[in-house]
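Working through the structure, step by step
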Amino acid sequence: MARRVPREPEPGRYAVSYGEVELLRDLDRPSGWVLTCDGVPQSYVDLDDPLYLDFEYVRLMADVIDLLAEGPLDAVHIGGGACTIPRYVAASRPGSRQIVAERDAALIQLVRDQLRLKSVPRLKVRIDDGRAAIGGIWDDSADLVVLDAFTGAVMPIELATVEYLGDIARVLRHRGTLLVNLADGKGLAFARRFAATVCETFRHVVLLAEPGVMRGRRFGNLILAASRVELPVAGLTRRAAGGLTQARCVHGEDLTRFVAGAAPIRDGQAVLAPVPPPEVFGS
């Protein structure tokens, strides 16, 4: 039987359930593709090499995953995009079982059709929002929960509350890890409140970001890892300092100083979400 040749993605703009996305080819990597949503870069995938990660903050997320206990993972991902991290987990941890919750059905269909999502082994996709998706996951069933959900360039506030993180803690096994991608800018008011929220739920918390972002000098991504048990702080510090783009690893008393007494976020509170300045994405 002849081997089926994968369909070549078609660059262009596509209407999805919650806006418009664009597929762009990476001119430097023949199998690399960028997915943008309303002009904001959301995902980068290399269809031939899922271990290749182009965005700096995604490499920081991968550092956390690499340093977890060896072997396959049971992982839940809140927010799908082009499923960069699920592809990475499937390739780096063969045998892993993964669930992706993404509310945009048309986006997932596009990624299935254009970016070979069906080729990722043992991956299930649920069309659901983040709150409902976690509510439907069994207790003590996940080694890893990845929270990487955005509306444009902003993390939904309803996914940043004490109540929601408590539900994530219910889903995680005792040694499980929460991994979060968030974005913030000048002053880092949202990041400080979200870090306070996570610290109220989990005993061990680590924050990773490039120095300029960590100091609140420019808008960018911050990666937060949390667990009931100790995190691989020494390894994360070495990897962050030795990466292509150096990053800081903040924990313990330094994290307490970063939080600076900020109040945790609770359901129903009015919280000012960070808005990126226009120049961040060239608009």
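1. Let's talk about the packing of helix H6 (residues 189-201) against helix H9 (residues 252-259)
Closest axis-to-axis distance for the H6/H9 pair is 8 Å, and the angle between their directions is 130 degrees. Regarding the angle of H6 to H9, the classification is oblique. Packed against H6, whose contacting residues are Ala191, Arg192, Ala195, Ala196 and Cys199, the element H9 presents Leu255, Phe258 and Val259 at the interface. In terms of residue class, the contact of H6 with H9 is built from seven nonpolar, no polar and one charged.

2. Brief notes about the sheet that holds strand E10 (residues 204-209)
Taken together, the eight strands give an open sheet; going across it, the order is E7-E6-E5-E8-E9-E11-E10-E12, and neighbouring strands pair in mixed fashion. With partners counted over all chains shown, the strands left at the sheet margins are strand E7 (123-127) and strand E12 (248-251), one partner each. The sheet shows a mean angle of 15 degrees between the axes of neighbouring strands, taken without regard to direction. Relative to strand E6 (residues 97-102), strand E5 (residues 74-78) runs parallel, the two sharing five bridges. Residue pairing in the sheet places Asp74 in a bridge with Arg97 of E6. Across the sheet, helix H5 (residues 162-171) is in contact with E5, strand E8 (142-147) and strand E9 (172-184); its angle to E9 comes to roughly 145 degrees. Here H6 sits on the sheet in contact with E9, E10 and strand E11 (220-227), set at roughly 170 degrees to E9.

3. Topic: the packing of H5 against H6
Between H5 and H6, whose axes approach to 9 Å, the crossing angle comes to 45 degrees. Relative to H6, H5 is oriented oblique. Crossing hand, H5 versus H6: right-handed. Each of Val162, Leu165, Gly166 and Ala169 in H5 lies in contact with H6, whose residues at this interface are Phe194, Thr197, Val198, Glu200 and Thr201. When its residues are assigned to classes, the contact of H5 with H6 shows five nonpolar, three polar and one charged.

4. With respect to the environment of Glu163
Residue placement: Glu163 occurs in helix H5. Separated by 34 residues in sequence, Glu163 and Thr197 have C-alpha atoms that sit 9.4 Å apart. Contacts of Glu163, omitting those with residues within four sequence positions, involve Arg131, Ile265, Arg266 and Asp267.

5. Observations regarding the side chain of His77
Considering the arrangement of structural elements, one finds His77 in strand E5. Given a relative accessible area of 2%, His77 falls into the buried group. For His77, the residues in contact, after removing those within four places along its chain, are Ile85, Pro86, Gln98, Ile99, Val100, Ala101 and Val146.

Basis of the calculations
- Residues numbered from 1 in each chain as written.
- Predicted model: local features only at pLDDT ≥ 70, side-chain atom pairs only at ≥ 80, totals over all residues.
- Heavy atoms only, no water.
- Axes fitted to C-alpha atoms, helices over the stretch in contact; angles between N-to-C directions.
- Helix = DSSP H or I, 4+ residues; strand = E, 2+ residues; numbered from the N terminus.
- Parallel < 35°, antiparallel > 145°, perpendicular 65-115°, else oblique.
- Contact = heavy atoms within 4.5 Å.
- Nonpolar A, V, L, I, M, F, W, Y, C, P; charged D, E, K, R; others polar.
- Pairing = 2+ DSSP bridges.
- Left-handed = near helix turned anticlockwise from the far one by under 90°.
- Buried < 20%, exposed > 50% of the residue type's maximum accessible area, 1.4 Å probe, protein only.

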